[in-house]
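Working through the structure, step by step
Here is how the chains run, residue by residue.
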Amino acid sequence: MAISTTAGHAPHEHGKPTGLWRWLAATNHKDIGSMYLWFSFTMFLSGGVMALCIRAELFQPGLQFFQPELFNQLTTLHGLVMVFGAIMPAFTGLANWLLPLMIGAPDMAFARMNNWSFWLLPPAALLLLISFFVPGGAAAAGWTLYAPLATQMGMGMDLTIFAIHILGVSSIMGSINIIVTILNLRAPGMTMMKMPMFAWASLITAYLIIAVMPVLAGVVTMVLTDRHFGTHFFNAAGGGDPVMYQHIFWFFGHPEVYIMALPAFGIVSHIIPTFSRKPLFGYTSMVYATSSIAVLSFMVWAHHMFTTGMPATAQLFFMYATMLIAVPTGVKVFNWIGTMWQGAMSFETPMLFAVGFVCLFTVGGLSGVTLSVAAVDIQLQDTYYVVAHFHYVLVAGALFSLFAAIYYWFPKMTGKMYSEPLGKFHFWWSMIWFNVTFFPMHFLGLAGMPRRIPDYALQFTDFNRIASIGAFCFGLGQLIFLYNMLRSIRHGQAAPHKPWEGAETLEWQIPTPAPYHSFVEAPHVEAGDNGVIHSMTGGAHH
Amino acid sequence: MAESSRADNRVLLLKLGVIACVMFAFAWALIPLYRVICEVTGINQLVKADAPAPAVAASDLAVTAAPVRLRFDATVQAGLPWQVRPLVGQMAAPRGEFVRVDYEITNASNREVTGQAVPRYLPAAAGNYVKKLECFCFRQQVFKPGETRRFPVVFVIDRAMPADIGEITLAYSVFDVPGQGAS
């Protein structure tokens, strides 16, 4: 028994708490994980509504629904809500749910801190959402909150800054919990170089969060003092430098990109071996590729700033460093394909999303390499090409991997099977309309349509219409997922102990649904690469 | 095992917390760090100092004698209750002669305010050739409540200015000097 904060109680002394208190005072990693996931899905829907507002306005040129001020607030909040409210908490939630099961720990290392890291999220989300209704409206500087725009706006900006502070504290605490759990609570036999890829990805991501979220907190604090306390960090008239904001922001911002991508890599590295019925190809190289992506992510931030007038030496450095990231990423894609190669593949919903992830993430990676070329980027900076690029890696990348994960672990979490036909329908529907939405944006960007504008020149109309239609269909399709989940939790068929033939990691060795207090006694395992369990002894549950 | 591993967890928690705090401090340290790195390596010297301008031959002067179009502008930092405006928005001025333009500054609040103006030139290269003899930007200006004053700005445009600069914008940014109100 190694959890520090349930001191005084052996876990079997208390059963499953009931009512509201179970959730408010939750210390059980499964309860907290579920809350994270529901919270992030709620934020996903609210960010999605904002996205549909944006696409509705862009359906045709001219101003139809929103004035430019509100349009800018919508693009800003869509970005912030999706990044900090949907994607990041969803990965933290999955880590909460799955890490203790994967490494044979009874719970997360600091169960009360875990409760606090979750319950900081709803107030922060409220701050973001109510900022629409304060005088001056929500922050409208883009999710990057560039100075000097960010130093000039109304109180919506202050609410945003506070929300970011709170979200930062929450994700730092969540990350500390993940790191301590992985480093200190692994079951005997589960060594670091045998650990499943999702655990590795979560560990590295957690380190990234601890390293860069404080930098974001620092830079928004500087914006706050510029706004209210007479400092001039980013005010040129007072001797400051607005470009400095971009340098500090992107020192956070680029590792942040990998904070949203690495856990996705981890998830896919579980699902592809399972449904290919083969061990993961090149496990060790996967671990090193993930680590080197994390290290490289600190050296490329200024590729977001090629048009700020950087010296040519710096442009060249950041260009080559950025291209270098394609190498470990390529290793990963190669390994996933190598895993599938000659495997006995079957295409259940999780596998469909995982294969869709590999295809579309590669497209997003390719446009990323295109953008890394400094000379090309000058043309493409702040156009829809960039919008297409990061939606390929964030929607088809992070979001698809999350859907894959939910479908994959849903039986273990709930004890019920989801509806496979609905799941497949959800995949194909999302796959088609995602591409209809975002692929034309490449063309718009190449033709020179700038991002973050409510109105555009007439020649961009056709592609914008296609994108808007795609977006509405894609958005509606996510309700299929919601319906499938709600219905399956209540009426789904009982799931077998191990619903996937090729699933060999530790979480599939315990009963279904996962017992409320799993691994109260650590099991002894004999594990192979990627956490494949050869044999397990001990490991009691309550 | 429980006790020792709990202590281990605490130690690790503390170490990771320290990393987070150090990174918060690092964000602030980046501001001087960038300056130092750019100074030491010189990578940010986008505008290299040219060799001293050669003495201008009399024949060249005819070429460059075309008058320069001047625009005047002023912006005030948000929150500073001043109104600053040039009395003429633009003018044409010959090179090598005194130019005088008047700025009117009003303190629109009912308190005493100290301000400092910082000039900017567009194109930036023109800055080296505008020789100011008199300017309110030379020192901090104290304004009584509701006070309005006019300031002359007197300068000469150097004849050595390259001929391709045909237009100069002189823009002042005015910001307040906190804590100097009663000086």
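Residues numbered from 1 in each chain as written. Chains lettered and ligands numbered in written order. Predicted model: local features only at pLDDT ≥ 70, side-chain atom pairs only at ≥ 80, totals over all residues. Heavy atoms only, no water.

If you check an unreviewed UniProt entry, chain B appears there as Cytochrome c oxidase assembly protein CtaG from Pseudogulbenkiania subflava DSM 22618. Turning to chain B, the UniProt annotation filed under Subcellular location (unreviewed entry) states: "Cell inner membrane". (UniProt positions renumbered as here; feature names shortened; annotations may be inferred.)

Going by an unreviewed UniProt entry, chain A carries the name Cytochrome c oxidase subunit 1 and comes from Pseudogulbenkiania subflava DSM 22618. For chain A, the Pathway (unreviewed entry) comment in UniProt is given as "Energy metabolism; oxidative phosphorylation."

Re the overall build of chain B
Looking only at helices and strands, chain B has 2 helices and 9 strands in total. When the helices and strands of chain B are read in sequence order from the N terminus, they spell out α-α-β-β-β-β-β-β-β-β-β. Expressed as a percentage of its 183 residues, the buried residues of chain B come to 35%. Taking as baseline every contact in chain B between residues at least 6 positions apart, the subset at least 24 positions apart corresponds to 73%. By element, 59% of the accessible surface of chain B is carried by carbon and sulfur atoms, the whole surface being about 10,700 Å². (Helix = DSSP H or I, 4+ residues; strand = E, 2+ residues; numbered from the N terminus. Buried < 20%, exposed > 50% of the residue type's maximum accessible area, 1.4 Å probe, protein only. Contact = heavy atoms within 4.5 Å. Areas by Shrake-Rupley, 256 points an atom, 1.4 Å probe, with all protein chains shown as cover.)

Some points on the overall build of chain A
Each helix and strand counted, chain A has 16 helices and 2 strands in total. Taking 542 residues into account, the globule formula puts the C-alpha radius of gyration at 24 Å, and chain A, at 23 Å, falls close to it. Seen along its three principal axes, the alpha-carbon backbone of chain A occupies a region of about 65 × 50 × 45 Å. The buried share of chain A, reckoned over its 542 residues, is 63%. Here chain A has roughly 19,000 Å² of accessible surface; of this, 70% comes from carbon and sulfur atoms. Distance between charge centroids for chain A: 9 Å, based on 20 positive and 21 negative side chains. (Rg over C-alpha atoms; globule rule 2.2 N^0.38 Å. Lys, Arg positive; Asp, Glu negative; His and termini not counted. Charge placed at Lys NZ, Arg CZ, Asp CG, Glu CD.)

Overview of the sheet that holds strand β4 (residues 98-107) of chain B
All names here are of chain B. The sheet built from 4 strands is open, its strands ordered β2-β4-β8-β6 with antiparallel pairing. If you trace the sheet from one side to the other, it starts and ends with β2 (82-86) and β6 (130-134), each paired once. Each adjacent strand pair in this sheet contributes to an overall mean axis angle of 30 degrees, direction not counted. Inspection of the sheet shows β2 paired to β4 by 5 bridges, in the antiparallel sense. Paired with Pro 86 across the bridge in β4 is Tyr 103. (Pairing = 2+ DSSP bridges. Axes fitted to C-alpha atoms, helices over the stretch in contact; angles between N-to-C directions.)

Quick word on the interface of chain B and chain A
Listed by partner, the interface residues are 28 residues for chain B and 38 residues for chain A. The junction of chain B with chain A conceals about 2,800 Å² of combined surface from both sides, 77% of it contributed by carbon and sulfur atoms. Put simply, chain B and chain A have 0 salt bridges between them. Our count for the chain B to chain A interface comes out at 3 residue pairs in polar contact (both at pLDDT 80 or more). Residue assignment for the side of chain B that touches chain A shows that the elements contributing at least two residues are α1 (2-41) and β9 (167-176) of chain B. Top contributing element to the side of chain B that touches chain A by residue count: α1 of chain B, with 20 residues. Of the residues assigned to the side of chain B that touches chain A, the class counts are 19 nonpolar, 6 polar and 3 charged. (Buried area = accessible area lost by both parts, 1.4 Å probe. Salt bridge = Lys/Arg side-chain N within 4 Å of Asp/Glu carboxyl O. Polar contact = N/O pair within 3.5 Å; in protein donor to acceptor, adjacent residues only side chain to side chain. Nonpolar A, V, L, I, M, F, W, Y, C, P; charged D, E, K, R; others polar.)

Examining helix α15 (residues 420-446) of chain A
Residues and elements named next belong to chain A. Between its first and last C-alpha, α15 extends 39 Å over 27 residues, near the 39 Å set by a 1.5 Å rise per residue. Of all the bends in α15, the largest measures some 25 degrees and sits at Val 436, one to four residues before the proline Pro 440. Where α15 begins, the capping side chain belongs to Ser 419, and its oxygen is found 3.3 Å from the backbone nitrogen of Leu 422. Count one or two residues on from α15 and you reach Gly 448, which has phi positive near 105 degrees. (Expected span 1.5 Å × (residues − 1). Bend = angle between axes of the 7 residues up to and from the residue.)

Details of the side chain of Ser 419 of chain A
All names here are of chain A. The residue Ser 419 is located in the loop between α14 (384-414) and α15 in this model. Judged by its relative accessible area of 17%, Ser 419 falls in the buried class. Here Leu 422 takes part through its backbone nitrogen, which lies 3.3 Å from a polar atom of the side chain of Ser 419. Ser 419 has contacts with Asn 484, Arg 487 and Ser 488, leaving out every residue within four places of it along the chain.

Some words on the nonpolar core
If you look at the biggest cluster of nonpolar residues, it comprises 194 residues, and the most contacted ones within it are Phe 84, Leu 94 and Trp 336 of chain A. If you tally residues by element for this core, the top one is helix α3 (residues 68-103) of chain A, at 21 residues. Dropping the residues within four chain positions of it, Leu 94 of chain A is found in contact with Leu 37, Leu 99, Phe 198, Ile 267, Leu 402, Ala 405, Ile 406 and Met 413 of chain A. Grouped together as the second largest cluster of nonpolar side chains are 32 residues, Leu 70, Phe 72, Val 101 and Ala 126 of chain B included. (Core = buried A, V, L, I, M, F, W, Y, C linked by side-chain atoms within 4.5 Å.)

Notes on the pattern of salt bridges
Under the defined criterion, the tally for this structure stands at 11 salt bridges over all chains. Its salt-bridge partner being Arg 451 of chain A, residue Asp 382 of chain A comes within 3.7 Å of it at the nearest N-O pair. Of the two residues, Asp 382 of chain A is situated in the loop between α13 (374-380) and α14 and Arg 451 of chain A in the loop between α15 and α16 (461-491); the sequence distance between them amounts to 69 residues. In this structure, the salt-bridge partner of Glu 147 of chain B is Arg 149 of chain B, at a minimum N-O distance of 2.9 Å.

With respect to the confidence of the model for chain A
Summary statistics for chain A give a mean pLDDT of 93 and a share of 97% for residues scoring 70 or more. Predicted confidence for residues 1-13 of chain A stays below pLDDT 50, and this span has 26 contacts to residues more than four positions away or in other chains. (pLDDT = per-residue confidence, 0-100.)

Observations regarding the pairing of strand β5 (residues 113-122) of chain B
All names here are of chain B. As paired elements, β5 and strand β7 (residues 141-143) share 3 bridges and run antiparallel to each other. Pairing of Gly 115 across the sheet is with Gln 141, part of β7. In terms of strand pairing, β5 meets β9 through 8 bridges, oriented antiparallel. Opposite Gln 116, over in β9, you have Phe 175 as the bridge partner.

So, the state of the cysteines
Under the counting rule described, the total for this entry stands at 1 disulfide over all chains. Here Cys 135 of chain B connects covalently by a disulfide to Cys 137 of chain B, the sulfurs 2.3 Å from one another. Linking Cys 135 of chain B and Cys 137 of chain B, the disulfide has an S-S dihedral of approximately 130 degrees and is accordingly described as right-handed. Grouping residues by exposure puts Cys 135 of chain B and Cys 137 of chain B together as buried. Not part of a disulfide, Cys 53 of chain A finds its nearest cysteine sulfur in Cys 473 of chain A, a span of 16 Å. (Disulfide = S-S within 2.5 Å.)

With respect to the sheet that holds β7 of chain B
Residues and elements named next belong to chain B. Read from one edge of the open sheet, 5 strands run β3-β1-β9-β5-β7, paired in mixed fashion. Two strands bound the open sheet, and with one partner strand each, they are β3 (90-93) and β7. Neighbour to neighbour, the strand axes of the sheet diverge by 30 degrees on average, direction disregarded.

Focus on the packing of helix α4 (residues 111-119) of chain A against helix α6 (residues 155-184) of chain A
Residue and element names in this part refer to chain A. Their axes nearest at 8 Å, the elements α4 and α6 cross at an angle of 150 degrees. Compared by their axis directions, α4 and α6 come out roughly antiparallel. As for the relative orientation of α4 and α6, their crossing is left-handed in sense. Side by side, α4 and α6 meet where Met 113, Asn 114, Trp 116 and Ser 117 of the first sit next to Ser 170, Met 173, Gly 174, Ile 176 and Asn 177 of the second. (Parallel < 35°, antiparallel > 145°, perpendicular 65-115°, else oblique. Left-handed = near helix turned anticlockwise from the far one by under 90°.)

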